[in-house]
Every structure is written in structure tokens, then in C-alpha cells.
Amino acid sequence: MTHYTRTPSAAVPVDLTDAKDHLRVMHDDEDLAIQRMVLAAAREIEAYAEIALTRQTISLVVTAEGEGDIISLPVGPLAPEAEVTVDGVPVTTGISGGRWPSITLPVGTTGAVAITFEAGFGDTAGSVPDDLALAIMEQAAFAYDSRGAVDVKPGLVPAAARIAARYRRVRA
């Protein structure tokens, strides 16, 4: 498993109005709590599926062998017009985007190599696929309905898990 750090986006993956509609909440008293539940649900789905919902910066260090190593990037998809750097130098070639991005390091690159890239579907809630937005709202609804309960099982609710599984990478 590759260890990486993630700089979360300030963008919310689901609009508060949509979340409140899904929860059937008409008042504004719990807006902050609902926003926190939406963000927690989004982070749980991101961790489960190894994706970034909105644009985030991902940093990792890998060990290169020098043979034009192909590095599978740990979080996808590659963000639109993403900036990718290898040891702080912007890279424009050898990058394979899509849901599970990879980068081919230049031949002769050896030792510890720092890679930084931007992942995510876009910069706004509108760029998050509808099914993932629904998964976030389902998970947030579970958290909202389970507030204060002590016997709640951790993890994703079945509906959110099924949706997130479609985006999860299968590793050999």
C-alpha cells in the first residue's frame, strides 16, 4: 500500500440545500451539523473508494528503480487540467489520466521520488457524479438519523457502499 497525504478541498461535495431536501429538514437550526455530516460522509466514501470527490492535492513518495517506472497513483480520478509534479518539477508527458491515473517516470530516475498531483471530479458540488452525491446523502442521512445512538455499526450504509464500490479500484 502506498502512503500518501491528501490536502482536502474547501469545496463541498453536496450542496446544503440538496442534503436538507434528502433529509427532509425544513428548518435552518441544524445547518452546521448537517454540513459536518455531509463532509464526514464524503470523507468516508473517499477513503473507501480511494477517490477524490472535489479537487484535492495528493502527495506521495515512491522509490524509483530507474527503468521508466510506471507508478499507479493512489487516488483518482486525475482532476481536469491537473498539475502533476515529480520532485517539484511540473510534468506533462507520461501521465495517464482517467479514474485510476498513473505516471511513467523518466528513465534514469532513481531513489526516493516525490510526486504531487491534483485529483477530483472538479471544483464544485455540481462536478461530483450524481450517484456519488446520492451515496453521500444516504450516509449523511444515516448519521443524522443515528445521532446519539450508541449501538450503531461503523462504516458505510449498504446503499452508499454499493455506489462507492463501483468507483473502487480492484488491486491484484
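Going by the structure above, here's the rest.
Residues numbered from 1 in each chain as written. Predicted model: local features only at pLDDT ≥ 70, side-chain atom pairs only at ≥ 80, totals over all residues. Heavy atoms only, no water.

Caption draft 1: Representation of the sheet that holds strand β1 (residues 4-7) in the model. Sheet architecture is open: five strands sit in the order β1-β2-β8-β4-β5, paired in antiparallel fashion. In the strand order of this sheet, the two ends are held by β1 and β5 (89-91), each with one partner. Adjacent strand axes in the sheet meet at a mean angle of 25°, parallel and antiparallel pairs treated alike. Pairing between strand β2 (residues 56-65) and strand β8 (residues 110-119): ten bridges, direction antiparallel. Bridged to glutamine 56 within β8 is alanine 119. (Pairing = 2+ DSSP bridges. Helix = DSSP H or I, 4+ residues; strand = E, 2+ residues; numbered from the N terminus. Axes fitted to C-alpha atoms, helices over the stretch in contact; angles between N-to-C directions.)

Caption draft 2: The packing of helix α1 (residues 16-23) against helix α3 (residues 130-145), seen in detail. Between α1 and α3, the shortest axis-to-axis distance is 10 Å and the interhelical angle comes to 60°. The angle between α1 and α3 falls in the class oblique. Crossing handedness for the pair α1 and α3: right-handed. Facing Asp18, Ala19, His22 and Leu23 of α1, the residues of α3 in contact are Leu134, Met137, Glu138, Ala140, Ala141 and Tyr144. Across the contact of α1 with α3, the residue classes tally to seven nonpolar, one polar and two charged. (Parallel < 35°, antiparallel > 145°, perpendicular 65-115°, else oblique. Left-handed = near helix turned anticlockwise from the far one by under 90°. Contact = heavy atoms within 4.5 Å. Nonpolar A, V, L, I, M, F, W, Y, C, P; charged D, E, K, R; others polar.)

Caption draft 3: Structural context of the packing of aromatic side chains. Taken as a whole and judged by the stated rule, the model has one aromatic pair. The ring centre of tyrosine 144 lies 3.9 Å from the NZ or CZ of arginine 147, which sits over that ring. Here arginine 168 stacks its cationic end above the ring of tyrosine 48, 4.3 Å away from the centre of that ring. (Phe/Tyr/Trp six-rings, centres within 6.5 Å; stacked < 30°, edge-to-face > 60°. Lys NZ or Arg CZ within 6 Å of the ring centre and 35° of its normal.)

Caption draft 4: Structural view of the side chain of aspartate 31. For aspartate 31, the position within the fold is in helix α2 (residues 31-49). Given the relative accessible area of 19%, aspartate 31 is considered buried. In terms of polar contacts, aspartate 31 uses its side chain to reach the side chain of lysine 20, at 2.9 Å. Among residues more than four places away in sequence, those in contact with aspartate 31 are Leu16 and Lys20. (Buried < 20%, exposed > 50% of the residue type's maximum accessible area, 1.4 Å probe, protein only. Polar contact = N/O pair within 3.5 Å; in protein donor to acceptor, adjacent residues only side chain to side chain.)

Caption draft 5: Structural context of the sheet that holds strand β7 (residues 102-104). Strands sit in the order β3-β7-β6 across an open sheet of three strands; the sheet is antiparallel. The strands lining the two open edges of the sheet, one partner per strand, are β3 (70-72) and β6 (95-96). By the bridge criterion, two bridges tie β6 to β7 in an arrangement that is antiparallel. Each residue of the ladder has a partner; that of isoleucine 95, found in β7, is isoleucine 103.

Caption draft 6: Structural detail: the pattern of salt bridges. All told, the structure shown has eight salt bridges when counted by the stated rule. Here arginine 6 ties to glutamate 46 by a salt bridge, and the two come within 3.7 Å at their closest N and O atoms. Taken together, the residues arginine 6 in strand β1 and glutamate 46 in helix α2 connect sequence positions 40 residues apart. For arginine 6, a relative accessible area of 23% gives the class partly exposed. With a shortest N-O distance of 2.6 Å, aspartate 123 and arginine 55 are connected by a salt bridge. Here aspartate 123 is found in the loop between β8 and α3, whereas its partner arginine 55 is found in the loop between α2 and β2, with 68 residues between them in sequence. Connected via shared salt-bridge partners are Arg6, Arg43 and Glu46. (Salt bridge = Lys/Arg side-chain N within 4 Å of Asp/Glu carboxyl O.)

Caption draft 7: Quick look at the side chain of glutamate 118. Looking at the secondary structure, you find glutamate 118 in strand β8. At 2.9 Å, the side chain of glutamate 118 and the backbone nitrogen of glutamate 83 are in polar contact. Among residues more than four places away in sequence, those in contact with glutamate 118 are Arg55, Gln56, Thr57, Pro77, Leu78, Ala79, Glu81, Ala82 and Glu83.

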